[in-house]
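Chain by chain, the residues run as shown.
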Amino acid sequence: MSAESVQESEFDVVIVGAGFAGMYMLHRLRGMGLTARVFEQGDGVGGTWYWNRYPGARCDAESLAYSYSFDAELEQQWQWSERYATQPEILRYAEHVADRHDLYRDIRFEQTVTSAAFDQESGRWRVSTADGLEATGCFLVMATGCLSVPQLPDIAGLDSFSGNRYQASLWPRNGVDFSGQRVGVIGTGSSAIQAIPVIAQQAAHLSVFQRSPNFSVPAHNGKLDQDWVDAFKKNYREHRDFHKRALSSGFGDLEIEPRDRTPQHESGHELSEAEFDALCEEYWQTGGARFMSVVGDALSDEQINARVARFVHNKIRQLVDDSKTADALCPTDHPIGTKRICVDTGYYETYNRTNVALVNLRETPIERITSTGVQLSDRHVELDTLVLATGFDAMTGAMKNIDVRNGAGLRLNEAWSEGPKAYLGLMPAGFDNLFLITGPGSPSVLSNMLVSIEQHVDFIADVLEYMGERQSQRISADPDAQEQWVAHVNEVANETLFPKGGSWYLGANVPGKPRVFMPYAGGVGVYREVCDDVANNDYRGFKFA
Ligand code: NA7
């Protein structure tokens with residue numbers, strides 16, 4: 001290797017992933033005069049929004065909130081066209097940010113990181129890619145995303161299907177023409193619930209293979225009114241502040257006047273049945289994932305949760321003409337909101353179309369996939385195209401796929417064999433100089449991801465600055481501080497109904513994955529206060545050398 005290329009491969013920081021987290025991390029480091037190399041698997045920026053190109057893909061957080069806040073000029077200039085941005089629009093936004101901040105030159109695309117090992121002696125991480133690129137960094141930042149490793153279903157014969165097969169999260173760039181096709185969709189999570197109404201409009205026939213129904217609330221999406229946007233943007237900074245300090249997820253706000261989104265009623269018990277239903281109706285008409293904030297205890301009190309669920313069951317029965325189909329679409333196996341609530345446009349109504357059939361796998365399970373379709377326990381469904389919308393190995397999947405070893409040779413997968421642990425969701429004890437962005441133990445997927453990403457990136461940048469001032473090269477998480485934090489994360493989760501959801505939040509969708517409730521359910525505001533307090537107390541719980 002020439003002297004020049006050796007230099008080229010040594011950086012202050014190596015970042016894995018060029019989604020929103022990796023991009024902002026790179027930008028912050030550059031601003032501090034540090035050098036960084038980003039490795040990205042795709043051939044463009046955007047992460048989740050690069051890969052998930054399935055029909056109907058859009059964000060379930062409102063566009064004016066699901067965007068970077070670090071660039072005050074950008075947030076004024078960028079024009080979102082709809083209340084909920086589509087995948088192509090979000091990808092364009094990511095590309096625009098990469099251009100605007102000249103990020104591309106430090107990113108190496110189509111580079112899948114396969115290993116990362118910390119060398120005790122030099123105090124550096126050595127990171128290698130499948131194509132043989134290498135880089136070392138004093139610090140390693142995993143910006144690998146929470147929903148970036150698709151989970152294929154374990155169904156017999158999957159590879160024998162001779163028609164077209166697509167995975168929602170690995171969609172062809174040029175789209176798919178379903179005209180005249182008999183299409184089958186396996187899965188009824190958020191991705192499928194967005195895709196199904198769009199596919200149904202084009203396909204000759206659509207069969208939806210549902211194992212478990214999910215709760216979905218209407219998006220009430222629409223074009224944004226320019227006058228409304230202009231008025232909102234006058235208060236953008238205050239809106240952002242409310243999102244960052246929110247008691248819950250940090251999602252957007254539809255009011256022009258910025259305000260705290262704490263539910264009006266702390267408990268549903270304060271309301272009569274009629275008042276409760278009227279409030280649910282108001283939230284249903286407003287639309288979006290904030291439906292679960294209808295009252296303060298919707299996600300912690302079983303009785304109240306059941307009332308919210310009953311309201312949605314009634315809605316489903318009103319929206320779907322066929323009563324047997326409506327019954328099958330009503331979830332009864334988990335408290336509402338404990339699996340991420342879906343946000344849809346015309347999902348339930350789609351089942352009133354004559355070209356759409358719901359196949360209830362609880363009654364007629366799939367026996368196997370054949371070369372021409374799906375063999376159910378009682379019949380064969382002939383298909384031209386099969387779409388898999390079967391979810392992700394969430395939160396830890398991408399890190400699990402990389403051979404990450406600490407200075408003693410211990411693999412992160414071994415350290416996490418009984419479930420992921422990280423102090424503040426930011427750094428696993430024993431893995432010096434390794435930072436996770438929106439890792440397990442932080443609000444991450446229970447929050448507006450952009451709010452959480454920016455908070456973690458800023459925390460990491462600040463701690464690096466702190467270390468720079470003290471000429472410290474090594475940071476580690478104190479194992480006791482980590483244990484206390486993990487216990488707190490579990491405690492907070494157990495005060496809610498989330499652990500009863502059996503969802504990917506718990507790793508329940510991946511065979512063999514330890515069942516641990518991964519995200520921090522205490523809300524982004526509380527979490528930020530904890531992190532600020534840690535920082536203000538000389539990074540309590542971290543050790544420096
Ligand atoms: P999800 O929400 O994990 O949904 C996956 C769906 O696939 C869900 O309905 C599963 O049913 C179904 N699935 C998985 N394996 C099978 C098999 N073997 N047979 C039948 N059905 C199966 O993933 P999404 O991509 O929709 O959404 C993920 C997140 O992205 C979402 O929460 C948003 O935050 C954005 P199951 O429930 O396991 O019975």
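All values reported here derive from a predicted model rather than from experimental measurement.

Asks: Before we go on, may I ask you to explain the packing of aromatic side chains in this structure?
Replies: Given two aromatic rings, one states the distance between the centres and the angle between the planes to describe the pair. Per the counting criterion, the structure on display carries 37 aromatic pairs. Measuring from ring centre to ring centre gives 6.3 Å for Trp 171 and Phe 178, while their planes differ by 40 degrees; the resulting arrangement is tilted. Of the two residues examined, Trp 171 and Phe 178, each falls in the buried class. Judged by centre distance (5.9 Å) and plane angle (85 degrees), the rings of Phe 498 and Tyr 505 are edge-to-face. Its relative accessible area of 3% is what places Tyr 505 among the buried residues. Members of the aromatic cluster, joined through ring pairs, are Phe 20, Tyr 24, Trp 49, Tyr 66, Tyr 68, Phe 70, Trp 78, Trp 80 and Tyr 93. Taking NZ or CZ as reference, Arg 53 lies 4.9 Å from the ring centre of Tyr 50, over its face.

Asks: Is there a simple way to think about the layout of surface pockets in this case?
Replies: Empty space among the atoms becomes apparent when a probe as large as a water molecule is rolled across them. Here the second largest pocket is characterised by a volume of approximately 1,100 Å³. Lining of the second largest pocket is provided by 44 residues; of these, Leu 247, Ser 248, Ser 249, Ser 293 and Leu 299 occupy positions nearest its centre. A per-class count over the lining of the second largest pocket returns 20 nonpolar, 14 polar and ten charged.

Asks: Hey, could you run me through the state of the cysteines in this one?
Replies: As used here, a disulfide is simply a covalent bond connecting the sulfur atoms of two cysteines. Using the criterion set out here, one finds zero disulfides in the structure. Residue Cys 330 stays outside any disulfide, its sulfur separated by 14 Å from that of Cys 342, the closest cysteine.

Asks: Looking at this structure, I do not really get the pattern of salt bridges. What am I missing?
Replies: Charged atoms that come close allow side chains of opposite charge to pair. Overall, the coordinates contain 30 salt bridges when judged by the stated rule. Of the charged contacts in the structure, one is a salt bridge between Glu 82 and Arg 58, with a shortest N-O distance of 3.0 Å. Note that Glu 82 is positioned in the loop between α4 (72-77) and α5 (87-100) and Arg 58 in the loop between α3 (48-51) and α4, a separation of 24 residues in sequence. Under the relative-accessibility criterion, Glu 82 is labelled buried at 14%.

Asks: Teacher, can you tell me more about the site of the ligand here?
Replies: Around the ligand sit 19 residues, and of these Thr 188, Ser 190, Ser 191, Arg 211 and Ser 212 come closest. A distance of 2.9 Å separates an oxygen atom of the ligand from a polar atom in the backbone of Thr 188. Computed on the free molecule, the ligand has an accessible area of 780 Å², of which 83% lies beneath the protein chains in the complex. For the shell around the ligand, the class distribution of residues is eight nonpolar, eight polar and three charged.

Asks: For this particular structure, what's the right way to read unusual backbone geometry?
Replies: Keep in mind that most residues, glycine aside, have a negative phi and that most peptide bonds are trans. The phi dihedral of Asn 433 falls on the positive side, at around 60 degrees, and the residue is not glycine. A positive phi angle, near 55 degrees, is found at Tyr 539, a position not held by glycine. Tracing the sequence through the fold places Tyr 539 in the loop between α17 (524-536) and β20 (542-544). Classification of Tyr 539 by relative accessible area gives buried; the value is 5%.

Asks: Looking at this model, I keep getting lost on the sheet that holds strand β16 (residues 385-388). Mind explaining?
Replies: Hydrogen bonds between backbone atoms are what pair the strands of a sheet, whose relative direction is either parallel or antiparallel. Here five strands make up an open sheet; going across it, the order is β7-β16-β8-β9-β12 and the pairing parallel. Single-partner strands in this sheet number two, and they are β7 (164-167) and β12 (356-360). The mean angle between the axes of side-by-side strands here comes to 20 degrees, regardless of whether they run parallel or antiparallel. Here strand β8 (residues 182-186) pairs with strand β9 (residues 205-210) via five bridges, running parallel. Paired with Arg 182 across the strands is His 205, a residue of β9.

Asks: Got a minute to help me understand empty space enclosed by the protein in this structure?
Replies: Counted by the stated rule, this structure contains six cavities of 30 Å³ or more. One number sums up the size of the largest cavity: a volume of about 80 Å³. Considering the residues around the largest cavity, the lining is formed by Pro 420, Lys 421, Ala 422, Pro 440, Gly 441, Val 486, Val 489, Asn 490, Val 516, Phe 517 and Met 518. Its residues assigned to classes, the lining of the largest cavity comprises eight nonpolar, two polar and one charged.

Asks: Quick question: what am I supposed to make of the environment of Gly 163 here?
Replies: Note on placement: Gly 163 falls in the loop between β6 (134-142) and β7. Once you skip the residues sitting within four places of it in the chain, Gly 163 turns out to touch Ser 371 and Asp 384.

Asks: Would you mind going over the packing of helix α15 (residues 449-469) against α17 with me for this structure?
Replies: Each pair of packed helices can be summarised by the angle the axes make with each other and by the distance between the axes. As a packed pair, α15 and α17 sit with axes 11 Å apart at the nearest point and diverge in direction by 0 degrees. Classified by the angle between their axes, α15 and α17 sit roughly parallel to one another. Every residue of α17 that contacts α15 at Val 451, Ser 452, Gln 455, His 456 and Phe 459 is listed here: Val 524, Tyr 527, Arg 528, Cys 531, Val 534 and Ala 535. For the contact of α15 with α17, the per-class residue count stands at seven nonpolar, three polar and one charged.

Asks: What is the right way to read helix α8 (residues 236-245) from this model?
Replies: Along an α-helix, residues three or four apart share an orientation, since each turn contains 3.6 residues. Within α8, the full set of buried residues consists of Tyr 236, His 239, Arg 240 and His 243. Axial view of α8: buried residues confined to an arc of 100 degrees, hence all on one face. Elements in contact with the buried residues of α8: α4, α7 (226-234), α15 and α17.

Asks: Help me understand the side chain of Thr 338, please; the structure alone is not making it clear to me.
Replies: Looking at the element boundaries, Thr 338 is found in the loop between α11 (323-329) and β11 (342-344). We classify Thr 338 as buried; its relative accessible area is 0%. Separated by 2.6 Å, the side chain of Thr 338 and the backbone oxygen of Pro 335 make a polar contact. Beyond its immediate stretch of four places on either side in the chain, Thr 338 contacts Leu 299, Leu 497, Phe 498, Gly 501, Ser 503 and Tyr 505.

Asks: Where do I start with the side chain of Ser 503 in this structure?
Replies: Assignment of secondary structure puts Ser 503 in the loop between α16 (479-494) and α17. With residues up to four places along the chain from it excluded, the contact list for Ser 503 reads Thr 338, Lys 339, Ala 508 and Asn 509.

Asks: Whenever I open this one, the confidence of the model for the protein confuses me. Can you help?
Replies: The predicted coordinates of low-pLDDT regions are not to be read in fine detail. In this model, the protein carries a mean pLDDT of 96, and residues with pLDDT of at least 70 account for 98%. Within the model, the stretch residues 1-6 combines pLDDT values under 50 with one contact to residues more than four positions away or in other chains.

Reading guide: rules and limits
- Residues numbered from 1 in each chain as written.
- Predicted model: local features only at pLDDT ≥ 70, side-chain atom pairs only at ≥ 80, totals over all residues.
- Heavy atoms only, no water.
- Phe/Tyr/Trp six-rings, centres within 6.5 Å; stacked < 30°, edge-to-face > 60°.
- Buried < 20%, exposed > 50% of the residue type's maximum accessible area, 1.4 Å probe, protein only.
- Lys NZ or Arg CZ within 6 Å of the ring centre and 35° of its normal.
- 1 Å grid on protein atoms, 1.4 Å probe; cavity = no way out; pocket = protein on both sides within 12 Å on 5 of 7 lines; lining within 4 Å.
- Points joined across faces, edges and corners; volume = space filled by probe spheres on them.
- Nonpolar A, V, L, I, M, F, W, Y, C, P; charged D, E, K, R; others polar.
- Disulfide = S-S within 2.5 Å.
- Salt bridge = Lys/Arg side-chain N within 4 Å of Asp/Glu carboxyl O.
- Helix = DSSP H or I, 4+ residues; strand = E, 2+ residues; numbered from the N terminus.
- Near = heavy atom within 4 Å.
- Polar contact = N/O pair within 3.5 Å; in protein donor to acceptor, adjacent residues only side chain to side chain.
- Areas by Shrake-Rupley, 256 points an atom, 1.4 Å probe, with all protein chains shown as cover.
- Pairing = 2+ DSSP bridges.
- Axes fitted to C-alpha atoms, helices over the stretch in contact; angles between N-to-C directions.
- Contact = heavy atoms within 4.5 Å.
- Parallel < 35°, antiparallel > 145°, perpendicular 65-115°, else oblique.
- Arc of directions from axis to C-beta.
- pLDDT = per-residue confidence, 0-100.

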